[in-house]
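Structural characterization, general
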Amino acid sequence: MLGVSSLDILDKLRNRWEDVDRPFFIHSDSILYFSELSKNQSLDLSDIHSGDVVALIGDFEPQSIVTLLKLIEKNVIIVPLTKDTKGQHEYFFKTALVDVVIEGNSLRRIKHTFHNEYIESLRNKNHSGLVLFSSGTSGSPKAVLHNMTIFMQRFETPRPTLKTINFMLFDHIGGLNTLLHTLFNKGTVVALKSRSVIDVLKVCQKYEIEVLPTTPTFLRMMLMSGVIPNNIPSSLKIITYGTERMDQPTLDMLCKLLPNIDFRQTYGMSELGIVRVKSKARNSLFMKIGGEGLETKVINKVLFIRSKTKMVGYLNSKNPFDKSGWYNTKDIVEECDDFFKVVGRTSEVINVGGLKFMASEVEKVVLQFEGIEFAKAEGRPNPITGEHVELTVQSVNNQKINKLKLKEFLNKNLSIHMVPKKLKIKEIAIGHRFKRV
């Protein structure tokens with residue numbers, strides 16, 4: 001094994017935490033020091049062997065964390081899952097060729113005779129692996145396989161850390177990165193029982209949180225809740241947002257209400273590993289994407305990335321990288337010097353009578369109408385113009401929206417080809433990862 005996995009991880013972490021007297025982990029109001037965490041009695045893993053594919057159904061709590069670390073040491077391919085996706089677990093087990101399922105104090109084996117060349121390549125190298133599933137908003141979720149041995153090498157170099165909430169989930173690359181970054185850099189991470197706006201801010205207040213990683217959807221919910229700025233603790237220094245596109249009106253309002261907080265955009269996708277990002281300014285959606293071993297280029301306004309920390313491959317789909325290793329992010333961007341701003345996805349381009357525009361251009365205007373919390377514009381087939389726009393909006397606290405006034409507002413502020421032909425006012429679904437779906 002290479003990197004931090006070449007030695008017993010818990011022993012190496014014990015050495016790092018030896019003289020540290022602050023807690024590593026706060027969970028369900030229980031404060032744990034690393035010495036206590038490392039003594040946590042995890043499940044007996046003696047029947048799990050190097051190269052096994054192990055589904056770990058858990059959360060950010062002591063037993064799951066210790067089990068995760070011990071599984072990495074055993075050179076297995078780990079599939080972290082949560083109870084939120086229980087309805088998809090059988091699909092995940094089958095797709096990832098899972099050999100063992102761990103949930104709570106139970107461990108069971110699944111018999112199968114299937115093989116995958118990417119999994120075999122890790123076994124041949126005696127490397128551990130990590131399987132993450134895409135959100136599946138466009139088709140079945142893709143199984144993304146990473147070389148966990150390479151993934152762990154990023155934590156060799158000490159980096160500064162602040163007291164943070166682990167907002168992202170146990171099955172998300174951002175959640176795992178936050179946990180491991182904090183663990184290896186002697187920081188404190190606080191796990192949430194609830195991700196409601198009120199509960200998250202209560203935790204921030206109680207434990208003097210310094211970093212709050214979130215999503216644009218959560219921030220819009222926070223903004224519309226009316227609890228800011230009064231309920232934001234003075235300890236909070238940084239709010240990060242990612243996993244979906246942020247809109248400028250929301251960011252502007254947040255920056256105005258919270259002038260002492262640094263807003264930072266994050267960017268990445270499971271296929272590429274962790275990507276380092278620097279926002280141009282706290283109120284800017286332009287960001288610089290870089291880091292060691294990462295390159296970017298733009299072709300026809302679409303961002304391409306080449307990364308040394310990219311995935312090994314999909315377990316259930318064809319290789320998305322070209323012969324030179326470039327990955328088409330399908331994000332349409334604007335460029336300013338070395339900075340990029342994501343304005344939409346290639347799948348979100350709407351073509352009305354030959355006039356092309358982004359769904360986000362419509363949504364940006366809609367969100368300026370008072371009382372609207374979320375907006376979703378989509379292109380639909382039209383026998384005359386090719387496509388037309390259909391719009392769904394959700395009001396703040398389900399308050400009534402005057403459809404006539406909204407239509408008048410849209411006619412006044414949108415080009416004629418962007419004006420929606422159909423308007424629906426209803427709840428817009430929010431996924432378990434706090435993304436608009």
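Please refer to the structure placed before this passage.
Cut-off values and rules
- Residues numbered from 1 in each chain as written.
- Predicted model: local features only at pLDDT ≥ 70, side-chain atom pairs only at ≥ 80, totals over all residues.
- Heavy atoms only, no water.
- Helix = DSSP H or I, 4+ residues; strand = E, 2+ residues; numbered from the N terminus.
- Rg over C-alpha atoms; globule rule 2.2 N^0.38 Å.
- Buried < 20%, exposed > 50% of the residue type's maximum accessible area, 1.4 Å probe, protein only.
- Contact = heavy atoms within 4.5 Å.
- Areas by Shrake-Rupley, 256 points an atom, 1.4 Å probe, with all protein chains shown as cover.
- Lys, Arg positive; Asp, Glu negative; His and termini not counted.
- Charge placed at Lys NZ, Arg CZ, Asp CG, Glu CD.
- Pairing = 2+ DSSP bridges.
- Axes fitted to C-alpha atoms, helices over the stretch in contact; angles between N-to-C directions.
- Core = buried A, V, L, I, M, F, W, Y, C linked by side-chain atoms within 4.5 Å.
- Polar contact = N/O pair within 3.5 Å; in protein donor to acceptor, adjacent residues only side chain to side chain.

Scanning the chain for helices and strands turns up 12 helices and 25 strands. Against the compact-globule benchmark of 22 Å for 437 residues, the chain has a radius of gyration of 23 Å, which places it among compact chains. Projected onto the principal axes, the alpha-carbon positions of the chain cover approximately 65 × 50 × 40 Å. A total of 437 residues make up the chain; the buried ones form 51% of that total. Sequence separation of at least 24 residues holds for 65% of the intrachain contacts in the chain that already meet a minimum separation of 6. For the chain, the computed accessible surface area is about 21000 Å², with 48% contributed by carbon and sulfur atoms. For the chain, the separation between the mean place of its 60 positive charges and that of its 47 negative charges on side chains is 4 Å.

The next point concerns the environment of V76. One can find V76 in the loop between helix 3 (62-73) and strand 4 (77-81). Note: C-alpha distance between V76 and I119 (43 residues apart in sequence) is 10 Å. With sequence-adjacent residues up to four places away left out, V76 is seen in contact with I48, H49, G51, D52, V54, L71, S128 and G129.

With that out of the way, let us pick up the environment of I305. Mapped onto the elements, I305 comes out in strand 17 (residues 302-307). According to the relative accessible area criterion, I305 is buried, its value standing at 0%. Counting along the chain gives 11 residues from I305 to L294, while the straight-line C-alpha distance between them is 7.1 Å. In contact with I305, other than residues within four places in its own chain, are Y267, L272, I289, L294, E295, T296, G325, W326, Y327 and T329.

What follows concerns unusual backbone geometry. With omega at 10°, the peptide bond leading from I228 into P229 counts as cis. Structurally, the position occupied by P229 is in the loop between helix 9 (216-225) and strand 12 (238-241). In this structure, N126 takes a positive phi of about 60° despite not being glycine. As for its placement among the helices and strands, N126 is situated in the loop between helix 5 (117-125) and strand 7 (129-133). Its identity is not glycine, yet D337 carries a phi of approximately 55°, on the positive side. Structurally, the position occupied by D337 is in the loop between strand 19 (327-336) and strand 20 (339-345). For D337, a relative accessible area of 69% gives the class exposed.

Glancing now at the sheet that holds strand 25 (residues 422-425). The 3 strands are arranged 23-24-25 in an open sheet whose pairing can be described as mixed. With one partner strand each, in any of the chains shown, strand 23 (372-382) and strand 25 form the two edges of the open sheet. If you compare each strand with its neighbour and ignore which way they point, the axes differ by 20° on average. In this fold helix 12 (residues 403-413) packs onto strand 23, strand 24 (386-395) and strand 25, with an angle of close to 135° to the strand it touches most, strand 25.

Let's shift gears to the nonpolar core. The biggest cluster of nonpolar side chains holds 41 residues, and the ones touching the most others in it are F24, L71 and I102. Those elements giving two or more residues to this core turn out to be helix 1 (9-17), helix 2 (34-38), strand 3 (53-57), helix 3, strand 5 (100-103), strand 7, helix 6 (148-153) and helix 7 (173-184). Among residues more than four places away in sequence, those in contact with L71 are L45, I48, V54, L56, V76, I78 and I102. By size, the runner-up hydrophobic cluster in this structure holds 33 residues, among which are M168, C204, I239 and L258.

Bringing the side chain of S395 into the picture now. With respect to the helices, strands and loops of the structure, S395 is situated in strand 24. Given the relative accessible area of 5%, S395 is considered buried. A distance of 2.7 Å separates a polar side-chain atom of S395 from the backbone oxygen of Q399. Excluding residues within four positions of it along the chain, S395 makes contact with G371, I372, E373 and I401.

This part takes up helix 11 (residues 359-366). With respect to burial, helix 11 is a largely interior element, 6 of its 8 residues being buried. Listing the buried residues of helix 11 in full gives A359, S360, V362, E363, V365 and V366. On its buried side, helix 11 packs onto strand 20, strand 21 (349-352), strand 22 (355-358), strand 23, strand 24 and helix 12.

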